Amino acid sequence: MLREPTVNEVNEFLEIASDFEDPLEVIRESLSNAYDAEATTVRIAIEHAENGSDIVVADDGHGMDDRDLASFFDLGNSRKEDSIGYKGHGTKIFYKSDRITVETVHDGTERRAVMDDPWRKLNDRVLPEYEVTEDDTDLDEMSTRIRIENFRSGQGFDPSKLTYNKIEHYLYWKTIVGSTAHHFGDDHRRMQVVVDLDERIDDTRDSLDTRTGFEFPDEQLDPGDGDQPAAYMCKHYPPRELSVEYDGGETTVQMVGMVGGKAARNELPTYGKHSAQFGVWLAKDHIKVERINDTLAHDNEFLHFMFVANCQDIELAANRESIRNKASPVFAAIREEVSYYMSKVANDPWFETYLEARKRGRYERRVDDEAGGVSERRAAVADRGGFSPSNRPELLVGLQRATARDDTLDVTVEDFAPGSEVNALLTRDGTLENAAVAHTLTGLLDDGVPLEPVDVVVCWEQGDPTELREWERRDYFGGSLAVDTDAGRLTYDSDGRHTVDVLELAPYFE
């Protein structure tokens, strides 16, 4: 017996709508639909509502006929073929709301469709219905206006934190506004996008007004002046179409991009972590989807690159944030061709010039930093009025200077290991000894330095006598301490008596 698997339609709608959490994804979907409808202007308004956000999207595109309207509400009934949205999933994000109203004018007919309580009904396991009314109209201009009431954002997303700045950068990274298609032909339409936010969301300006088209910073091929000569260096790699053959067919990858310094890259829009924007992006409909930085020979160099590789034969996951057909021959062939293209970019002599400029800038900054640091150190030495070491290496310098001042002090520093408990090896009166170096003897005891391997402690001064008396009353890691400050010696008695000389340097500089 043959049986066909069944589909629970409610669960399908619920699952797809749940994949989208950000109200900006409503904008992403609406802008793509408006572009497909050949709109020249799209106006978006977002208001803070009691249970979410009220979102209105209006465009001057060619409107929807009855079949378009059905595709809008249906699942898997798209009229698109190889572009984003062919699965008919996108507009189902609108179902996370209390009401969807679509008003559209197309070829002399005005249609109005209303769906009430789609989100509540889906969660009650009921498939929501929508009612369509049609009227003849004398309106000459075609258009579509969609109102989504009380759109539910996902958990952890606060729509009140939307700002014009955030939306503008989102548009250029996630939507058709950031399309690179205009680099490949004059027939690409520029679409004006106007966003108006509720004053309770952002009152810093009246609206955001922008146009589609991802632009690169101005080209600057030569290094600049100053300590960061490569910062504004930028080279454009003009649009180029790559033919890609794979097992089963042939496709085309459209490449465009730039290589540039930090200041040039800062002119690009950014959404999220700035460094996460750079590298090589695979795109569909010229909208960036997922980075393929492994196409660069040296992944740590990805920060210098901003390339978009568009191919209509990649397939997107339901939420459009990743590529679904990575296991396919076409994806492997695309990656290989993009890798080859990027290897030529990385071997461009100009790129070597750019890297050399960065290297020179780093060297000059190090010279300047070192000169500044040395000046501060020289000023500090001049202000001391005498030698006063502040660290262990300086203490050993002090030891050698003390030796030069006093003929009775016969000490030579043979070795210095700052990370070891025995910091130095000294030849003292002809005998090689293990030394611990500390600014004060009390500080050395506070640090719990093991005393058994130490023959001598080199310190600037012994420290507070009261603290040393306190150490004599305490237990030092299971043993007892006795400090003879006059003789410059301490005795540690644990598994046996061990004597350590204390070489105090300050008296040699009085």
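The model shown is predicted, which means the values in this text are computed figures rather than measured ones. (Residues numbered from 1 in each chain as written. Predicted model: local features only at pLDDT ≥ 70, side-chain atom pairs only at ≥ 80, totals over all residues. Heavy atoms only, no water.)

### Details of the overall build of the chain
For the record, the criterion: Think of it this way: any DSSP run of H or I at least four residues long counts as a helix, any run of E at least two long counts as a strand, and we number them from the N terminus. The globule rule is 2.2 Å times the number of residues to the power 0.38, and the radius of gyration it is compared with is taken over C-alpha atoms. Here the accessible surface of atoms and residues is derived via Shrake-Rupley with a 1.4 Å probe, and residues count as covered only by protein chains that are part of the display. The charge count treats Lys and Arg as positive and Asp and Glu as negative. His and the chain ends do not count. Every charge is mapped onto a representative atom, which is NZ of Lys, CZ of Arg, CG of Asp or CD of Glu.
Summing up its helical and strand segments, the chain has 11 helices and 20 strands in all. For 510 residues, the compact-globule estimate of 2.2 N^0.38 gives 24 Å, and the chain exceeds it by more than 25% at 36 Å. C-alpha atoms of the chain, sized along the principal axes, occupy 115 × 60 × 55 Å. Carbon together with sulfur atoms contributes 43% to the accessible area of the chain, which is approximately 26,100 Å² in total. For the chain, the distance from the average site of its 57 positive side-chain charges to the average site of its 105 negative ones is 1 Å.

### Observations concerning the sheet that holds strand 15 (residues 424–428)
In plain terms, the rule: Note on pairing: DSSP must find at least two bridges between two strands before they are called paired. To get an axis, a line is fitted to the C-alpha atoms, and for a helix only the part in contact is used. The angle between two axes follows their N-to-C directions and goes from 0 to 180 degrees. Working rule for contacts: check all heavy atoms of both residues, and any pair within 4.5 Å makes them a contact.
Spatially, 14-15-16-17-20-19-18 is the arrangement adopted by the seven strands of the open sheet, whose pairing is mixed. Since the sheet does not close on itself, it has two edges, and those belong to strand 14 (411–416) and strand 18 (480–484), each with one partner. Taken over all neighbouring pairs, the strand axes of this sheet differ in orientation by 30° on average, direction set aside. As paired elements, strand 16 (residues 431–440) and strand 17 (residues 456–461) share five bridges and run parallel to each other. Its bridge partner lying in strand 17, Ala435 is registered against Val456. Its contacts with the sheet place helix 9 (residues 392–405) against strand 14, strand 15, strand 16, strand 17 and strand 20 (497–504), and it is angled at close to 155° to strand 14.

### Things to note about helix 9
The α-helix winds at 3.6 residues per turn, so residues separated by three or four positions along the chain end up facing the same way. Defined as follows: Here the expected span of a helix is defined as 1.5 Å times the quantity of residues minus one. Polar contact criterion, stated in full: a pair of N or O atoms within 3.5 Å, where within protein one must be able to donate a hydrogen and the other to accept it, and residues adjacent in sequence count only if both atoms are side-chain atoms.
Taking 1.5 Å per residue, 14 residues should reach 20 Å; helix 9 reaches 20 Å between its end C-alpha atoms and fits that length. The secondary structure elements touched by the buried residues of helix 9 are strand 14, strand 15, strand 16, strand 17 and strand 20. Looking at where helix 9 begins, the residue whose side-chain oxygen comes 2.9 Å from the main-chain nitrogen of Glu394 is Asn391.

### Quick notes on a negative patch on the surface
Quick note on the threshold: Within the patch definition used here, like charges are joined within 9 Å and nonpolar side chains (Val, Leu, Ile, Met, Phe, Trp, Tyr) within 5 Å, considering only residues with over 30% relative accessible area and no salt bridge. By definition here, a salt bridge exists when the distance from a side-chain nitrogen of Lys or Arg to a carboxyl oxygen of Asp or Glu is within 4 Å.
Together, Glu47, Asp196, Glu199, Asp203 and Asp206 make up a negatively charged patch on the protein surface. Within the fold, Asp206 resides in the loop between strand 7 (192–197) and strand 8 (208–211).

### Comments concerning the pairing of strand 15
Successive side chains on a regular strand alternate, one facing one side of the sheet and the next facing the other. Short version of the rule: Exposure classes here rest on a 1.4 Å probe applied to the protein chains alone. A residue is buried below 20% of its type maximum, exposed above 50%, and partly exposed in between.
Residues Ala424, Leu426 and Arg428 point to one face of strand 15 and are all buried, whereas Leu425 and Thr427, pointing to the other face, are not buried. Sheet analysis places strand 14 next to strand 15, joined by five bridges and oriented antiparallel. Counterpart to Val411 in the pairing with strand 15 is Arg428. Taking the residues between adjacent antiparallel strands as the criterion, strand 15 and strand 16 are bridged by two residues, where Asp429 takes a positive phi near 50°.

### Considerations on the sheet that holds strand 9 (residues 234–246)
One open sheet holds the five strands; their spatial order is 9-10-13-11-12, and the pairing between them is mixed. Each having just a single partner strand, strand 9 and strand 12 (287–291) make up the two edges of the open sheet. Strand-to-strand twist across the sheet, computed as the mean angle between neighbouring axes with direction ignored, equals 25°. Across five bridges, strand 11 (residues 279–284) lies against strand 13 (residues 305–310) in parallel orientation. Note that in strand 13 the partner of Gly279 across the bridge is Met306. Docked against the sheet, helix 7 (residues 329–346) engages strand 9, strand 10 (249–260), strand 11 and strand 13, running at close to 145° with respect to strand 9.

### As for the pattern of salt bridges
Summed over all chains, the structure comprises 24 salt bridges. Glu25 is paired through a salt bridge with Arg28; the nearest N and O atoms lie 4.0 Å apart. Of this pair, Glu25 and Arg28 are both found in helix 2 (residues 24–36), three residues apart, which corresponds to roughly one turn of the helix. By relative accessible area, which is 11% here, Glu25 ends up buried. Connected via shared salt-bridge partners are Arg428, Glu433, Arg489 and Asp501.

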